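Here is what each chain is made of, one letter per residue.
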Amino acid sequence: GVNRKEEKEIEAEKIIEEKSEPSLICPPPRSRSYLPPENIQSSLESLVREIFGPSLPDNWQQTPLKENKLKYCLLAQLAAELDHAVPNSQLHLMRSAEDVLHFYSTPVKDVSKFDELCAAELPPNLKVVWEK
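None of the values given here were measured: they were computed from a predicted structure.

Colleague: Help me understand the environment of Leu47 in this model?
Modeller: Note that Leu47 resides in helix H2 (residues 40-52). For Leu47, a relative accessible area of 5% gives the class buried. On a C-alpha basis, the gap between Leu47 and Cys73 in space is 9.8 Å, while along the polypeptide they are 26 residues apart. In this structure, Leu47 is in contact with Leu74, Gln77 and Leu78, ignoring residues within four places of it in sequence.

Here it is, written out as structure tokens:
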């Protein structure tokens, strides 16, 4: 009877060991860098005119984004075309076409401060060693 108990304990330990090993490999993080296209203003203007139609003010940048359905259409299409979406934390800041233009005109670097320091021209008495 003693041997069976020991065998069950060993089997239980094997099962616990197998479960504790990570089986999923995490994919590499997606790059978040963004470089605005040169024609962003004209592209955005034509998209705003297409979505909002004849109800545009004289200056298209002053177009208010009050109607959520139209705002969603605009932002979703831009996110798909440019592969750069407005983060949830900034959606409430998109009140007019001008806000959207400003967001999509701003380049985004996907570089850490350490990488920037390594690439920077530093004085000869300063050296940054960054090993990943």
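Colleague: Is there a simple way to explain unusual backbone geometry in this structure?
Modeller: Note on backbone geometry: most residues besides glycine have negative phi, and most peptide bonds are trans. Phi at Asp83 takes a positive value of approximately 55°, unusual for a residue other than glycine. By secondary structure assignment, the location of Asp83 is in the loop between helix H3 (68-82) and helix H4 (97-105). In this structure Asp83 comes out as exposed when scored by relative accessible area, which is 56%.

Colleague: Please clarify how the nonpolar core should be interpreted in this entry.
Modeller: Among soluble globular proteins, nonpolar side chains are generally buried collectively. Leu44, Val48, Phe52, Leu74, Leu78, Val100 and Tyr104 are the most contacted members of the largest nonpolar core, which has 20 residues in total. Taken together, the elements giving at least two residues each to this core come down to H2, H3 and H4. Contact partners of Leu74, with chain neighbours within four places excluded, come to Leu44, Leu47, Val48, Ile51, Phe52, Leu65 and Val100.

Colleague: Quick question: what am I supposed to make of the packing of aromatic side chains here?
Modeller: Here the distance between the centres and the angle between the planes together describe a pair of aromatic rings. In total, this model carries 2 aromatic pairs according to the counting rule given. With a centroid separation of 6.2 Å and 80° between ring planes, the pair formed by Tyr34 and Tyr104 is classed as edge-to-face. Here Tyr34 is found in the loop between helix H1 (2-20) and H2, whereas its partner Tyr104 is found in helix H4, with 70 residues between them in sequence. Residues Phe103 and Tyr104 carry aromatic rings whose centres are separated by 5.0 Å and whose planes lie at 85° to one another, so their mutual orientation is edge-to-face.

Colleague: Looking at this structure, I do not really get the packing of H2 against H3. What am I missing?
Modeller: Angle between the axes and distance between the axes are the two parameters that describe a pair of packed helices. With their axes 10 Å apart at the nearest point, H2 and H3 run at an angle of 145° to one another. Note that H2 runs across H3; the crossing there is right-handed. Here Ile40, Leu44, Leu47, Val48, Glu50, Ile51 and Phe52 of H2 come into contact with H3, specifically with Leu70, Cys73, Leu74, Gln77, Leu78 and Leu82. Residue classes in the contact of H2 with H3 are distributed as 11 nonpolar, 1 polar and 1 charged.

Reading the values: the criteria
- Residues numbered from 1 in each chain as written.
- Predicted model: local features only at pLDDT ≥ 70, side-chain atom pairs only at ≥ 80, totals over all residues.
- Heavy atoms only, no water.
- Helix = DSSP H or I, 4+ residues; strand = E, 2+ residues; numbered from the N terminus.
- Buried < 20%, exposed > 50% of the residue type's maximum accessible area, 1.4 Å probe, protein only.
- Contact = heavy atoms within 4.5 Å.
- Core = buried A, V, L, I, M, F, W, Y, C linked by side-chain atoms within 4.5 Å.
- Phe/Tyr/Trp six-rings, centres within 6.5 Å; stacked < 30°, edge-to-face > 60°.
- Axes fitted to C-alpha atoms, helices over the stretch in contact; angles between N-to-C directions.
- Left-handed = near helix turned anticlockwise from the far one by under 90°.
- Nonpolar A, V, L, I, M, F, W, Y, C, P; charged D, E, K, R; others polar.

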